[in-house]
Amino acid sequence: MMIGYLKKDIRFSANWLIIVVVYCIVAGFLLIKERGESLYFIEFLIPFFAVYFPLGRLMNAEDSKDTRDFLRRMPQGACGRVIARTVYILALLVFSSGVKILYKYLLIEGYDLMSEGKLEKEVVFFLAFLSYFLIQMIVFYKTSYHFAQNTGLIACAVVFIIALIGKYTSINISLPEVNIAVVIAVGVLVIAGLIVGAVKAERSRSA
Amino acid sequence: MIEVRNLNKTYKSFKLGNASFDLESGEITGLIGVNGAGKSTILRILIGLVKSESGEISIDGNKVLDLGEKLRVGFVSQELNIYSDQKMSALSAFVKDIYRKQWNDGLFRHYMNDVFALKDDLKIKELSTGMRVKFFLAMELAKKPECLLLDEVTSGLDPMIRDEVLDILQGIAQEDNIPVLMSSHITEDLEKIADKIIYIDSGRILLEDSVENIKKNYYRINEEELSKLGEETRALILDKGIKQHQYYVYDASGIENVEKAGSPALLSDVLSFLRRG
């Protein structure tokens, strides 16, 4: 049944998924060709919007009492839906991050994913995005689609400000050296906690 | 048999108080009352969308939290703004994926094509109210429900489609021998198909009786007929009955030694009587 929910998410956002594929391929190419490894814009813009819009589309469709009740009456309720939605987000992040890494490899001379902690940074970004979208899901279940989407605008503003600070000041904004095993362990724990939180939030809404 | 006992639920401006009733297999029970009387609250408690503060629901003597615990429950409400940007085919495919074993695709196609004459390539938002009711009813029936709950489904339908839907519901209750609980504020609909009536007002059940008994007990009589009655009977009817338009409505079973005069009251008369009495 979890597969049924996942199939529904894919089917109901099919148009947006096509746009996401085109966006990742075109925007990824243009951004990386133009800005090389310019960290914040590329790391943020490609995966963020690849998930933000199709996920927003699904949340918007489910932001009515009628649809909520319709879903709540279905078997495997909250747990199945949250896990399916997490897999959906995960798939979009894997795709967009994959395209981003592939372009870096193809377009940036001498780029080596396995050197200078680059892989670790990719993992950090990936887990950070997954955590953010799970938080967005919780906000959606706790409040509404509009609140959830507003968190995206706040995230955009924060990244934009950080990027400006990095560009126009001498402050060096870069990620510290991290141990990949620790990052993955902490990330998995955080994500598991957020999934549990999302299931609880889904169960509690309109009960 | 489904037994519901002493359901209570309190909202800020509404209280459902000790709602108790039974639902029999093969019977259509009409749950009637004005808007805000508590009909939807009862239905939502029965399907588990709302938790009651106290009370019991049991199926053939076994206690359950909601009907969905033991039965396949079909539920259609008047609020059908569900995934309105999607085509019927996409939504039914989703429901089919979720209810794999329960879903009878042949039956769904039968209702869609033969009974309701619906083409599933339209989006939900492009459907009229009547088409939406038919589509969601077809999906619920394709799950072969063991109990069917309907919340004001006929409210927005034109009279011809309403009759069509009522006929289908009557057929399902009888052929599949399942209990059907249908809330409505349209008394004519329930008069046509219901076997039993539950009347709820301000969260309290004021009447639970078979349509047959209601017709036996409640009478309406106009001034002319009234004037032909004996002095004592006339006085009793005027005292215990209510004036409704051009006639009086009274409960013949509630007045001792009164002859049943006039004609059986309409359901709407009975409800007015109960409400005002």
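Predicted model, so just to flag it, every value in this text is computed and none were measured. (Residues numbered from 1 in each chain as written. Chains lettered and ligands numbered in written order. Predicted model: local features only at pLDDT ≥ 70, side-chain atom pairs only at ≥ 80, totals over all residues. Heavy atoms only, no water.)

1. Some words on the domain arrangement of chain B
Note: interface size is frequently given as the accessible area lost on complex formation between the parts.
Residue and element names in this part refer to chain B.
Here is step 1: Domain boundaries assigned for chain B yield domain 1 (2–210) and domain 2 (213–276).
Here is step 2: Each of domain 1 and domain 2 has a C-alpha centre, and the two are 33 Å apart.
Here is step 3: Contacts between domain 1 and domain 2 engage twelve residues on the former and 13 residues on the latter.
Here is step 4: Of the roughly 1100 Å² buried where domain 1 meets domain 2, counting both sides, 63% is carbon and sulfur surface.
Here is step 5: Looking at the side of domain 1 facing domain 2, the largest losses of area belong to E191, Y199 and L207, adding up to 43% of the total buried there.
Here is step 6: Along the contact surface separating domain 1 from domain 2 lie zero salt bridges.
Here is step 7: For the pair domain 1 and domain 2, the interface holds four residue pairs in polar contact (both at pLDDT 80 or more).
Here is step 8: Of all elements in the fold, only helix 6 (187–193), strand 9 (196–201) and strand 10 (204–210) reach the threshold of two or more residues within the side of domain 1 that touches domain 2.
Here is step 9: Of the residues in the side of domain 1 that touches domain 2, the class split is seven nonpolar, two polar and three charged. (Domains from an automatic or database assignment. Contact = heavy atoms within 4.5 Å. Buried area = accessible area lost by both parts, 1.4 Å probe. Salt bridge = Lys/Arg side-chain N within 4 Å of Asp/Glu carboxyl O. Polar contact = N/O pair within 3.5 Å; in protein donor to acceptor, adjacent residues only side chain to side chain. Helix = DSSP H or I, 4+ residues; strand = E, 2+ residues; numbered from the N terminus. Nonpolar A, V, L, I, M, F, W, Y, C, P; charged D, E, K, R; others polar.)

2. Overview of the interface of chain A and chain B
Here is step 1: In this complex, chain A contributes 23 residues to the contact, which on the side of chain B involves 25 residues.
Here is step 2: Taken together, the two surfaces of chain A and chain B that pack against each other cover about 2200 Å², and 58% of this comes from carbon and sulfur.
Here is step 3: When the area that chain A buries against chain B is broken down by residue, the three leading residues are F12, F70 and R73 of chain A, summing to 33%.
Here is step 4: For the interface between chain A and chain B, the tally reads four salt bridges.
Here is step 5: D97 of chain B serves as the salt-bridge partner of K7 of chain A, at 3.3 Å between the closest nitrogen and oxygen.
Here is step 6: Between the two partners, chain A and chain B, sit 13 residue pairs in polar contact (both at pLDDT 80 or more).
Here is step 7: The set of elements that each furnish at least two residues to the side of chain A that touches chain B consists of helix 1 (2–12), helix 3 (39–61) and helix 4 (65–72) of chain A.
Here is step 8: Sorting elements by how many residues they give to the side of chain A that touches chain B places helix 4 of chain A first, with seven residues.
Here is step 9: By residue class, the composition of the side of chain A that touches chain B is nine nonpolar, four polar and ten charged.

3. A short note on the packing of helix 1 of chain A against helix 5 (residues 77–107) of chain A
All names here are of chain A.
Here is step 1: It is at 8 Å that the axes of helix 1 and helix 5 come closest, and there the two elements cross at 50°. Classed by the angle they form, the pair helix 1 and helix 5 counts as oblique. Handedness of the crossing formed by helix 1 with helix 5: right-handed. For the pair formed by helix 1 and helix 5, the contact residues are M2, Y5, L6, K8, D9 and I10 on the first element and G77, G80, R81, I83, A84, R85, V87 and Y88 on the second. (Axes fitted to C-alpha atoms, helices over the stretch in contact; angles between N-to-C directions. Parallel < 35°, antiparallel > 145°, perpendicular 65-115°, else oblique. Left-handed = near helix turned anticlockwise from the far one by under 90°.)

4. A few points about the packing of helix 4 (residues 129–142) of chain B against helix 5 (residues 159–175) of chain B
Residues and elements named next belong to chain B.
Here is step 1: Interhelical geometry of helix 4 versus helix 5 gives an angle of 10° and a closest axis separation of 12 Å. Accordingly, the angle class assigned to the pair helix 4 and helix 5 is roughly parallel. Where helix 4 approaches helix 5, its residues K134, L137 and L141 are matched on the opposing element by I161, E164, V165, L169 and I172.

5. Considering the sheet that holds strand 13 (residues 247–251) of chain B
Residue and element names in this part refer to chain B.
Here is step 1: Spatially, 12-13-11-14 is the arrangement adopted by the four strands of the open sheet, whose pairing is antiparallel. Only two strands of the sheet have a single partner each, and these edge strands are strand 12 (242–244) and strand 14 (263–264).
Here is step 2: In the sheet, strand 11 (residues 218–222) pairs with strand 13 via five bridges, with the strands oriented antiparallel. Looking across to strand 13, one finds that Y218 is bridged to D251.
Here is step 3: Across the face of the sheet, helix 10 (residues 267–276) comes into contact with strand 11, strand 12 and strand 13 while running at roughly 135° to strand 12. (Pairing = 2+ DSSP bridges.)

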